[in-house]
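Residue strings, one per chain:
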Amino acid sequence: MAPSARAVSEGEDCRGWQSCLMGDAGEKAGSAALELDVEAGLDDCTSCSGAEAVESLLWQLAPSWSSLPESPAKLREERFRNLLDLARLDKEDLRELGLSMAERGRVLHWARRALEPQGVEPLMAGTVVSEMSDASPEHKHLLAFTSPKHASKANSLDSAALSHSFSALATCPVKRYDALQADFNAGPAATPKKKSSEEERLDEIESQADFWCNCFTVAADAVVPNPMDAALQDVRENILEAFFDCTPERVREVISSIGQNSQEGAAPVSFGELQLGLERCGLAGLDPKTLSNVFERVMGDKCALQAQQVFDTVLTRLRLAQLLLKPLKDASLMVVDYNYSSKNTSSKAVVNFVDEGMMRDFCFGHRPVPKSSEEGTAIRWVHMPKFNLTLLLALTVKYCLHPLSVEDVIEQQPTKIDRYGQNFFLSVELLSVAKGPGVAGSAAGPVRVQGQHVVAFCAGPPRLDTLLTVIQPERNFAKDWPGGSSSSSSRGGEPSRWPERLRQRLEAARSRLTERKADFLLYTVVDLCADELVDVTHAYLARLASLEDDLRTHGERSLLDLGEVSLARLQLAVVARRLKSLQRVVRRASDLEDLHTTGSSDYWKDCAEHLEEAYDDAMHLAERCDALKASHEQAMERGHAERQRLQQELSNAQAERMNRMLFVLTLATTLFTPLQFMSSVYGMNFVDKEGQPTIPELLQKDGYRLFWIVAGSYMLVAGIAVCCLRRRLLKKSTV
């Protein structure tokens with residue numbers, strides 16, 4: 001593999017460009033027939049898996065092409081299984097891959113040296129050479145010529161010795177290609193390559209946190225720019241790339257610029273070159289005496305370390321010392337370690353919580369490396385439960401994270417999945433239900449939702465041994481979420497539940513997660529985030545069902561608030577959008593072959609289908625909100641109409657009563673008007689000169705009796721007439 005395989009794969013395990021050449025302890029040994037046991041750079045291919053050996057070999061033969069970002073993708077697209085696939089390519093095939101003329105020549109020369117002496121044509125697909133363990137010393141000696149470093153040794157041999165070696169190789173037993181593939185798939189686990197004494201010494205020096213932190217005499221010497229400074233226009237260019245870019249690609253670039261040949265990388269770096277390289281990486285102004293002491297201590301007495309090793313160690317450790325010179329306040333990590341074995345045997349997960357007092361030892365230290373192939377590969381999950389910018393920068397240096405991915409963390413980019421170098425990067429805009437009394441989508445109150453931004457870094461193949469996750473409150477949630485901060489949880493939010501659930505799964509007895517690599521842990525993180533998004537839809541479902549039941553029960557007297565329903569409609573649109581974004585990311589992840597090497601492709605597809613169902617549910621709930629609003633409006637209209645009817649009936653009753661009263665008064669007036677007229681006429685005081693009344697009836701003897709006889713007769717006749725009229729009116733009303 002390329003030097004870039006160090007990123008996220010834990011720099012402390014197999015430092016940078018060497019870690020990818022070490023290979024997994026559980027890889028099969030069937031492809032060892034074509035892995036060259038060379039004393040220089042190519043000898044590391046013997047411990048690699050087939051595809052890894054191809055990439056590692058091309059780093060030696062075609063470094064310029066291998067340094068291109070699209071080169072690993074091309075190799076994966078062409079599906080190289082082992083070195084035999086590379087050896088069988090012709091000139092046109094190599095040109096199509098994009099190799100230069102000189103690089104094509106080196107690859108063809110290697111293929112001719114590797115295959116022709118053993119009776120295998122470079123373009124023939126029938127046989128391959130048998131394992132190196134079956135070859136004679138002459139075979140191994142001749143195969144060593146495939147290394148560019150040892151090509152000069154071949155020229156010094158006489159023709160007789162060379163002919164003897166070719167003759168001996170021609171008689172070497174061969175195997176069919178399909179038989180060797182069976183050996184590759186079912187062969188015994190390869191023994192992990194043991195570290196040299198120099199590498200162990202370098203590991204010990206890297207772990208000495210106090211030594212590196214003492215390189216800075218005062219805190220002012222260790223000041224680094226703050227990426228959150230509002231005055232900076234471009235965080236990535238001005239801060240991350242200038243000061244915290246420790247990726248293998250950047251290291252090779254700096255090594256090349258200071259006069260070292262990154263193609264071979266065998267020559268040790270000088271003190272002046274180291275100082276110049278550190279200045280290019282933003283570590284200027286260091287005390288020359290202190291830097292000289294560091295240089296001598298790292299180089300040791302034998303000076304057997306390569307330039308990239310020395311520069312990578314000094315750069316990363318000094319940068320970590322700058323960041324960790326002072327204790328990090330409110331900084332903590334959760335670290336889970338377990339061993340993955342190809343034998344599918346689960347191991348016990350060990351959980352450690354790193355506080356600010358232990359942060360130095362963690363960042364400078366190394367994870368335990370399995371002692372034997374039976375123990376498998378050490379897998380680590382590092383989780384940052386509370387965002388701390390300085391700690392993020394320290395992890396950036398420790399795991400050589402790409403500046404583009406770190407920029408996405410700081411700026412909280414939308415949901416996406418991408419690959420930067422050898423690492424996979426995932427960001428998720430997560431929504432979760434805020435738990436608490438009287439909330440969470442019940443009849444007690446509206447649904448409260450909190451927004452969080454989750455990111456994950458996963459080491460790419462072939463190692464897939466490290467997962468780094470960071471969670472932080474979503475800064476723009478109040479602006480993006482309808483209803484603003486009043487609908488979200490309190491400031492800072494509540495801790496997300498998926499990290500605890502993942503930790504419990506890893507700690508469970510005979511957990512299946514410990515039988516998988518970090519790529520499956522990445523899937524589990526996505527799946528748990530999807531579950532929390534689905535829980536949000538379920539909370540809205542419960543709340544809407546409660547409102548609908550209240551509306552059916554109480555009708556117009558329901559306590560339903562149209563403002564809450566309208567707000568829920570807008571909020572469900574945001575939930576649906578985030579479900580759709582995560583579904584798109586999951587579908588893309590299911591198509592990345594390198595991301596599901598442990599059989600997680602079907603799991604990714606199942607998660608995508610789960611998200612699609614949740615998206616449909618969210619859209620259906622949005623329609624239910626519209627229907628609920630319409631039902632509420634109809635209920636209110638029916639209630640209003642009923643109230644108007646009752647009011648009209650009351651008004652009619654009052655009018656009828658008034659009419660009856662007027663009828664009685666009119667009738668009484670009609671009856672007594674003639675009597676009143678008669679009394680008025682006979683009550684007038686008209687008299688003559690002698691004072692006698694002039695009205696004749698008044699002078700009669702029975703005048704007064706006559707008046708009442710007439711009045712009584714009138715009242716009798718009028719009463720009979722009124723009764724007849726009333727009967728007629730009653731008959732008309734009944735009809």
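Residues numbered from 1 in each chain as written. Predicted model: local features only at pLDDT ≥ 70, side-chain atom pairs only at ≥ 80, totals over all residues. Heavy atoms only, no water.

Visitor: Give a description of the pairing of strand 9 (residues 466–473) that names residues and reports values.
Guide: Counting buried positions along strand 9 yields 7 of 8 residues, so the element is predominantly enclosed. Inspection of the sheet shows strand 5 (residues 377–384) paired to strand 9 by 5 bridges, in the parallel sense. By the bridge assignment, R380 is partnered in strand 9 with T466. The pairing of strand 8 (residues 449–459) with strand 9 spans 7 bridges and is antiparallel. Among the inter-strand pairings, V454 is bridged to a residue of strand 9, identified as I471. The antiparallel hairpin formed by strand 8 and strand 9 contains 6 residues in its connecting segment, where L464 sits at a positive phi of about 50°. (Buried < 20%, exposed > 50% of the residue type's maximum accessible area, 1.4 Å probe, protein only. Helix = DSSP H or I, 4+ residues; strand = E, 2+ residues; numbered from the N terminus. Pairing = 2+ DSSP bridges.)

Visitor: Give me the side chain of E564: which residues, what numbers.
Guide: On the secondary structure map, E564 appears in helix 26 (residues 562–591). The exposure class assigned to E564 is buried, which follows from its relative accessible area of 17%. A polar atom in the side chain of E564 sits 2.7 Å from the side chain of R543. Look past the residues within four positions of E564 in its chain and what remains in contact with it is P446, R543 and L547. (Polar contact = N/O pair within 3.5 Å; in protein donor to acceptor, adjacent residues only side chain to side chain. Contact = heavy atoms within 4.5 Å.)

Visitor: Lay out the pattern of salt bridges with the relevant residues and their values.
Guide: Going through the model one piece at a time under the given rule, you end up with 26 salt bridges. Across the pair R250 and E253 runs a salt bridge, and its minimum N-O distance is 3.5 Å. Taken together, the positions of R250 and E253, both in helix 16 (residues 248–257) and 3 residues apart, correspond to about one turn of that helix. Under the relative-accessibility criterion, R250 is labelled buried at 13%. Assessed through its relative accessible area of 43%, E253 is described here as partly exposed. When the shortest N-O distance is used, the salt bridge between R543 and E564 registers 2.7 Å. Residue R543 is found in helix 25 (residues 518–554), and its partner E564 is found in helix 26; the two are separated by 21 residues along the sequence. Judged on exposure class, the residue R543 and its partner E564 are both buried. Here the residues in one salt-bridge network are E474, D480, R577 and R578, joined through shared partners. (Salt bridge = Lys/Arg side-chain N within 4 Å of Asp/Glu carboxyl O.)

Nothing here speaks to function; it is all geometry.
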